Amino acid sequence: MTTTTTFALIRHGQTDWNAAARIQGATDIPLNDIGRGQATDAVASLSRYDWDFIVSSPLSRAAETADLIGERLGLNVARRLPTLIERDYGPAEGLCAGAELDALRFPGGFHGAETEETVAARGIDALRELAREHPGARIIVVAHGTLIRLSLENALDQPIGSISNASLNLVQHHHAHADGGAAWQLDVLNGQPLVRA
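All of the points below concern the structure found in this document. These numbers were taken from a predicted model, which means no experiment stands behind them.

What counts, and at which threshold
- Residues numbered from 1 in each chain as written.
- Predicted model: local features only at pLDDT ≥ 70, side-chain atom pairs only at ≥ 80, totals over all residues.
- Heavy atoms only, no water.
- Phe/Tyr/Trp six-rings, centres within 6.5 Å; stacked < 30°, edge-to-face > 60°.
- Buried < 20%, exposed > 50% of the residue type's maximum accessible area, 1.4 Å probe, protein only.
- Lys NZ or Arg CZ within 6 Å of the ring centre and 35° of its normal.
- Core = buried A, V, L, I, M, F, W, Y, C linked by side-chain atoms within 4.5 Å.
- Helix = DSSP H or I, 4+ residues; strand = E, 2+ residues; numbered from the N terminus.
- Contact = heavy atoms within 4.5 Å.
- 1 Å grid on protein atoms, 1.4 Å probe; cavity = no way out; pocket = protein on both sides within 12 Å on 5 of 7 lines; lining within 4 Å.
- Points joined across faces, edges and corners; volume = space filled by probe spheres on them.
- Nonpolar A, V, L, I, M, F, W, Y, C, P; charged D, E, K, R; others polar.
- Expected span 1.5 Å × (residues − 1).

We now examine the packing of aromatic side chains. Overall, the coordinates contain three aromatic pairs when judged by the stated rule. Considering the side-chain rings of Tyr49 and Trp51, the 5.9 Å spacing of their centres and the 55 degrees angle between planes classify their relative orientation as tilted. Its relative accessible area of 26% is what places Tyr49 among the partly exposed residues. Given the relative accessible area of 9%, Trp51 is considered buried. Over the aromatic face of Trp51 sits the side chain of Arg138, whose NZ or CZ is 5.3 Å from the ring centroid.

In terms of nonpolar packing, the biggest core is built from 29 residues, with Phe7 and Val141 touching the most fellow members. At the level of elements, strand 1 (2–11), strand 2 (53–56), helix 5 (116–133), strand 6 (138–143), helix 6 (145–156) and strand 8 (182–189) are the ones that each hand at least two residues to this core. With seven residues, the single largest contributor to this core is helix 5. Ignoring any residue separated from it by four or fewer positions in sequence, one finds Phe7 in contact with Trp51, Leu127, Leu130, Ala131, Ile139, Val141, Asn169, Leu170, Val171, His173 and Trp184.

The next point concerns empty space enclosed by the protein. All chains considered together, the criterion is met by one cavity of 30 Å³ or more. In this structure, the largest cavity spans a volume of roughly 50 Å³. Along the walls of the largest cavity sit Leu9, Leu84, Gly123, Leu127, Val141, Ala143, Leu147, Ile148 and Ser151, which together make up its complete lining. Secondary structure elements with two or more residues in the lining of the largest cavity: helix 5, strand 6 and helix 6. A per-element tally of the lining of the largest cavity places helix 6 first, with three residues. Looking at side-chain class alone, the lining of the largest cavity contains seven nonpolar, two polar and no charged residues.

Right, let's get into helix 6. Taking 1.5 Å of rise per residue, twelve residues should cover 16 Å, and helix 6 covers 16 Å from first to last C-alpha, within 8% of that figure. Of all twelve residues making up helix 6, nine are buried, and the element is well covered by its neighbours. Buried within helix 6 we find Gly145, Thr146, Leu147, Ile148, Leu150, Ser151, Leu152, Ala155 and Leu156. Structurally, helix 6 contributes buried residues whose contacts are with strand 1, helix 5, strand 6, strand 7 (168–176) and strand 8. Asp157, located one to two residues past helix 6, shows a positive phi value of around 55 degrees.

That is the geometry; function is a separate question.
Quick look at the structure:
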């Protein structure tokens, strides 16, 4: 017997730092008006499915995106999960492309930043825990671009690419009770259904 938990992974709407191509990471930057509009627009794709509840990162850009979506779908934001916070980029946060940022770079990361492996493990563990606690549920998860991308890459063992603001990413967690195994399946990426061979 297999239980399938469905997740809509939604990156928050735009912030002024997104618009300026500044690295945000764990810095708590609020949505701008474009981001609020994107959060509202996300409801159209989400409303094609039935959802049980919403969880989000506690950072204000994700929390407000979740609240705006929840208001329009008539759903409660059940929890703010610290494990869904964006990657901590350390001293790179607030910087744009240039010499100062380049000085912090090394292959696969930035000096003083949380590693990609740690972020991926944190994100996928949060999703697995939700699937364990709410088997068979349909859950909207509002978080952050890098966390979503790295979590999906970890779960699917394939490159994903960047995650667009407030776009729908639909993934299913299939848990087989007999052997305790689990499989992940990505059905929609950045609002586009995936065609399988």
